[in-house]
Amino acid sequence: MANVYNLYTVDALRNEIAEVIQLYRERGDGDQIMVEDFTVFDEMADCRRLFAELEDVLTSSWDEMYRRLVLYKAEYGHVNVHAHYKTADGLSLGNWCVCQRQVYAGKIRGILTEERIRKLNALGFQWNPAEERWLEHYHCAEEYQRKNGNLLVKNDYQTEDGTRLGVWIHRNRNAFKNRKLSEKKIQMLQQIGMIWDVDEYRWDCSYELCRKYYELHGCPPPTTYIAEDGSTPGKWLSRVVIHHIDEDTRYTKLRDDQIERLKQIGVSFERQNDLSWNRAFAEAEEYYRIHHDLDVP
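Residues numbered from 1 in each chain as written. Predicted model: local features only at pLDDT ≥ 70, side-chain atom pairs only at ≥ 80, totals over all residues. Heavy atoms only, no water.

Draft legend 1. Expanded view of the pattern of salt bridges. Within this structure, the stated rule accounts for 12 salt bridges. Two residues, Glu-143 and Arg-146, come together in a salt bridge whose shortest N-O distance is 2.6 Å. Linking Glu-143 with Arg-146, this pair stays in helix 5 (residues 129–148), spanning three residues, or about one helical turn. Within this structure, Glu-64, Arg-67, Arg-68 and Asp-89 form a network of salt bridges that share partners. (Salt bridge = Lys/Arg side-chain N within 4 Å of Asp/Glu carboxyl O. Helix = DSSP H or I, 4+ residues; strand = E, 2+ residues; numbered from the N terminus.)

Draft legend 2. Quick peek at unusual backbone geometry. Phi is positive for Arg-179, close to 60°, though the residue is something other than glycine. Positionally, Arg-179 belongs in the loop between helix 6 (165–177) and helix 7 (183–191).

Draft legend 3. Just the packing of helix 5 against helix 6, in detail. The contact between helix 5 and helix 6 brings their axes to 10 Å, and the two run at 105°. Put simply, helix 5 runs roughly perpendicular to helix 6. Within the contact between the two elements, helix 5 uses Trp-134, His-137, Tyr-138, Cys-140, Ala-141 and Tyr-144 and helix 6 uses Leu-165, Trp-168, Ile-169 and Asn-172. Of the residues that constitute the contact of helix 5 with helix 6, the class distribution is eight nonpolar, two polar and no charged. (Axes fitted to C-alpha atoms, helices over the stretch in contact; angles between N-to-C directions. Parallel < 35°, antiparallel > 145°, perpendicular 65-115°, else oblique. Contact = heavy atoms within 4.5 Å. Nonpolar A, V, L, I, M, F, W, Y, C, P; charged D, E, K, R; others polar.)

Draft legend 4. Here's a closer look at the packing of helix 8 (residues 198–217) against helix 9 (residues 233–245). One way to put it is that helix 8 packs onto helix 9 with a least axis distance of 9 Å and a crossing angle of 115°. On the basis of the axis angle, helix 8 is roughly perpendicular to helix 9. Pair helix 8 / helix 9 crosses with left-handed handedness. When helix 8 is examined against helix 9, the residues Trp-203, Ser-206, Tyr-207, Leu-209 and Cys-210 are found in contact with a partner set consisting of Pro-233, Trp-236, Leu-237 and Val-240. (Left-handed = near helix turned anticlockwise from the far one by under 90°.)

Draft legend 5. Representation of helix 6 in the model. The first and last C-alpha atoms of helix 6 sit 18 Å apart over 13 residues, in line with the 18 Å expected at 1.5 Å per residue. For helix 6, the complete set of buried residues consists of Leu-165, Gly-166, Trp-168, Ile-169, Asn-172, Arg-173 and Ala-175. Looking at the packing, one finds that the buried side of helix 6 touches helix 5, helix 7 and helix 8. Two residues or fewer past helix 6, Arg-179 is found with a positive phi of approximately 60°. (Expected span 1.5 Å × (residues − 1). Buried < 20%, exposed > 50% of the residue type's maximum accessible area, 1.4 Å probe, protein only.)

Draft legend 6. Geometry of the packing of aromatic side chains. On inspection of all chains with the given rule, the structure shows 13 aromatic pairs. Considering the side-chain rings of Trp-62 and Tyr-66, the 5.5 Å spacing of their centres and the 10° angle between planes classify their relative orientation as stacked. Here Tyr-66 and Trp-62 lie together in helix 2 (residues 47–76), a separation of four residues that amounts to about one turn. Side by side, Trp-62 and Tyr-66 carry an identical accessibility label, which is buried. Judged by centre distance (5.2 Å) and plane angle (70°), the ring pair of Tyr-144 and Tyr-157 falls under edge-to-face. Placement of Tyr-144 in helix 5 and of Tyr-157 in the loop between helix 5 and helix 6 is noted, with a sequence separation of 13 residues between them. In this structure Tyr-157 comes out as partly exposed when scored by relative accessible area, which is 32%. Each member of the aromatic cluster is reached from another via a ring pair, and the members are Trp-62, Tyr-66 and Trp-96. The ring of Tyr-66 carries the charged tip of Lys-119 above its face, separated from the ring centre by 4.6 Å. Sitting over the face of the ring of Tyr-207, Arg-261 holds its NZ or CZ atom 4.5 Å from the ring centroid. (Phe/Tyr/Trp six-rings, centres within 6.5 Å; stacked < 30°, edge-to-face > 60°. Lys NZ or Arg CZ within 6 Å of the ring centre and 35° of its normal.)

Just geometry here; none of it tells us what the structure is for.
Here it is as structure tokens:
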């Protein structure tokens with residue numbers, strides 16, 4: 001490496017090149033970047049003058065884009081600029097915002113000074129918009145649970161301000177199922193009563209009502225039974241049993257542990273015709289035991 005130190009250090013030189021690369025990305029011309037690193041072998045004439053001019057251009061460019069962001073906030077009341085948004089004269093303001101976040105996170109090279117960070121923070125700039133939106137939805141879910149006592153939110157439910165809380169809850173359940181939800185978020189949602197498997201939860205609730213009926217009456221509830229909360233566990237019980245013994249594979253079959261729990265409250269899994277025959281046979285058997293014949297009057 002030749003006499004470069006009398007101009008700039010290698011790191012400073014790389015920072016200058018990084019700013020040029022960032023400028024291209026901000027303008028939406030990232031596909032024109034051919035090289036992102038270099039090796040210095042010899043002096044370059046007039047480097048100090050050229051770098052000084054380059055620094056002025058890049059600083060002016062950042063300040064101009066920041067000014068456009070200020071104008072954007074004055075018009076829309078926020079700085080949550082869509083990634084593909086362009087100003088009326090074609091400047092890629094959305095892409096510029098994305099670049100600031102990537103530089104801040106260390107994902108791409110660029111210079112983001114403390115002063116620039118302070119100026120962006122003063123506008124309410126979000127360094128991680130996805131996390132900010134998640135927290136906003138979480139607070140909506142927290143409020144819903146406080147008012148309703150649960151998070152059994154319908155998929156199409158929206159809050160008064162238009163927040164699609166139902167969709168958000170559904171997405172988080174799927175993320176949990178696919179192991180794509182962080183442990184921190186899992187704990188936060190569990191703290192406000194998140195139900196990860198709604199079908200399992202509702203099955204358990206209906207079963208519990210049937211179990212309480214069995215404890216009081218010694219048999220499963222009939223289909224006409226209406227619980228105190230207005231639900232009809234008897235109809236639910238009849239439906240799940242019929243669907244289980246039905247040969248049509250469209251219906252959900254019960255798991256072994258569910259079958260065992262239902263048997264504990266006197267549920268039979270015989271078909272109705274078989275059940276009636278077996279009851280009649282039991283009566284005939286008892287008659288034969290007493291009369292030693294089946295000449296039933």
